[in-house]
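Geometric and topological summary
Chain residues, written in single-letter form:
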Amino acid sequence: MSETYDAIILGAGAAGLMCAARAGQRGRRVLVLEKAEKPGKKILISGGGRCNFTNIGAGPANYLSSNPHFAKSALARYTPRDFLELVESYGIAWHEKTLGQLFCDGSSKQIVEMLLEECAKGGVDIRCNAEVTAVEHDGERFAVMASGQVAIAPSLVIATGGPSIPKMGATGFAYDLARQFGLKVVEPRPALVPLTLGGEEVLFREISGVSAPVVATAGKASFPEAALFTHRGLSGPAILQASSYWKPGEPVVIDFLPDRQGDWLLDAKRDAPRATLRSLLRDALPDRLADILAEKLGIETELGNASDKALRAAQERLKRWTFHPNGTEGFAKAEVTVGGISTAELSSKTMETKRIPGLFAIGEAVDVTGWLGGYNFQWAWASGVAAAEAL
């Protein structure tokens, strides 16, 4: 026995639920298949359980993709303000943290419940514990086999995300399915992920748990936020942001004193010649971090006895302290994935594949990755709506 729908959506995450709700409310008969035991599992753990559901400043510049222009259309047509209006219509209290990040006052469960209620309004059929075992296409309709049942529809939406956080059930299923249909996949790699250190830099593991506000730079991208030293290397918001731009073999550059400009050490030498570099660093940074940096810089004498050349070199190194990560903590600790189904295969307006009418890809499955801070959820909402409007 098989059932017929207008659209089948694979994955009941942020993008899949948003797409299903919108399409259902447009009168489409929609089936959502989710292999986990309940919908929205990654939504539930996000933002420390409070769901950083969007970023009020989200725009194309906050996303990585092989085609930096691809996200413009969907993001322009469904904005953070649009999603916020939906949140407020459900009476969900929210607050803004730093840098435009919006969180629930209560629990991320409220966002999942809202999305499920929106799906219910559209009569969407959501089935959990539904493991997809085969997908076939006869040129006009898709047949999806899941848990011993067959569903048929002229439209199929891939919304199964990427392989980040496998303990939540994440896999590379979206890429396997894309390749089955001959679509290009941009090599996926972990993003928003801690970096690991080796060699002489292992010394910094001694200050595991210490954090400080810095500017972290990888490639051409710089992020002024906190860096955290861990027992394996580097983490914290600034590092997670930079990790999306970091490539193996490249350095990560840290400005430990972004507020200090010019020859501040030479000024200190003139104004307080009996001060030490260690004491100055302790005034600006956590003691254990200040001590390890002073030790590495090797200026133990009073400033008045240090040469201008040595002080200038110390200034420069503190401004551009170069770390050489030997890797990342991988998909297990990555919040999202860089790469995915190539945007060259998709319409930026509808998210439909160009080669196979009726096949769509949305959310994290696509080669569009947002910064830390609500941007990936906004892409999920926007790309889900874009596909729903075309179903």
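Below or above, wherever it landed, is the structure these notes cover. (Residues numbered from 1 in each chain as written. Predicted model: local features only at pLDDT ≥ 70, side-chain atom pairs only at ≥ 80, totals over all residues. Heavy atoms only, no water.)

Pairing between sheet strands relies on hydrogen bonds along the backbone, with the strands arranged either parallel or antiparallel. Pairing in this open sheet of seven strands is antiparallel, and the strands run β19-β18-β15-β16-β17-β14-β20 from one edge to the other. Two strands in the sheet have a free side with no partner beyond their single neighbour: β19 (321-323) and β20 (327-328). Pairing of strand β18 (residues 252-255) with β19 involves three bridges; the strand directions are antiparallel. Considered in β19, the bridge of Ile 254 is made with Trp 321. Where helix α11 (residues 308-319) meets the sheet, its contacts fall on β18 and β19, and the angle it forms with β18 comes to roughly 115 degrees. (Pairing = 2+ DSSP bridges. Helix = DSSP H or I, 4+ residues; strand = E, 2+ residues; numbered from the N terminus. Contact = heavy atoms within 4.5 Å. Axes fitted to C-alpha atoms, helices over the stretch in contact; angles between N-to-C directions.)

A word on the packing of helix α9 (residues 277-284) against helix α10 (residues 287-297). Contact geometry of α9 with α10 gives a least axis separation of 8 Å together with a crossing angle of 145 degrees. In this structure, the crossing between α9 and α10 has a hand that is right-handed. Touching Leu 277, Arg 278, Leu 281 and Arg 282 of α9 are Asp 287, Ala 290, Asp 291, Leu 293, Ala 294, Glu 295 and Leu 297, all from α10. Its residues assigned to classes, the contact of α9 with α10 shows six nonpolar, no polar and five charged. (Left-handed = near helix turned anticlockwise from the far one by under 90°. Nonpolar A, V, L, I, M, F, W, Y, C, P; charged D, E, K, R; others polar.)

Note on placement: Ser 342 falls in the loop between β21 (336-341) and β22 (359-361). On the accessibility criterion, Ser 342 (10% relative accessible area) is buried. Among the polar contacts listed, one links the side chain of Ser 342 to the backbone nitrogen of Ala 344, at a separation of 3.2 Å. The residues contacting Ser 342, other than those within four sequence positions of it, are Lys 184, Val 185 and Val 186. (Buried < 20%, exposed > 50% of the residue type's maximum accessible area, 1.4 Å probe, protein only. Polar contact = N/O pair within 3.5 Å; in protein donor to acceptor, adjacent residues only side chain to side chain.)

To continue, consider the environment of Gly 123. Relative to the helices and strands, Gly 123 is located in the loop between α5 (109-121) and β8 (125-127). Here the alpha-carbon distance between Gly 123 and Ala 151, two residues 28 residues apart in the chain, equals 16 Å.

For the rest of this paragraph, the subject is α5. Two residues of an α-helix separated by three or four positions point the same way, owing to the 3.6 residues in each turn. Taking 1.5 Å of rise per residue, 13 residues should cover 18 Å, and α5 covers 18 Å from first to last C-alpha, within 8% of that figure. When we look at burial in α5, the residues that qualify are Ile 111, Val 112, Met 114, Leu 115, Glu 118 and Cys 119. Taken down its axis, α5 places every buried residue within 160 degrees of arc, on the same side. Among the exposed residues of α5, those oriented more than 90 degrees off its buried face are Lys 109, Glu 113 and Lys 121. With its phi angle positive at about 65 degrees, Gly 123 sits one or two positions after the end of α5. (Expected span 1.5 Å × (residues − 1). Arc of directions from axis to C-beta.)

Our focus in this paragraph is α11. For α11, spanning twelve residues, the distance from its first C-alpha to its last is 16 Å, which sits close to the expected 16 Å at 1.5 Å a residue. Of all the positions in α11, only Leu 311, Ala 314, Gln 315 and Leu 318 are classed as buried. Take α11 and look down its axis: the buried residues cluster within an arc of 100 degrees, on one side only. Buried residues along α11 sit in contact with β18, α8 (264-271), α9, α10 and β19.

Ordered by their spatial adjacency, four strands build an open sheet running β1-β11-β10-β9, and the pairing between neighbours is mixed. Sheet topology places β1 (2-4) and β9 (132-137) at the edges, where each strand pairs with a single neighbour. The average angle at which neighbouring strand axes cross in this sheet is 20 degrees, direction not considered. The pairing of strand β10 (residues 142-146) with strand β11 (residues 149-153) spans five bridges and is antiparallel. Paired with Phe 142 across the two strands is Ala 153, which belongs to β11.

What is shown is where atoms sit, not what they do.
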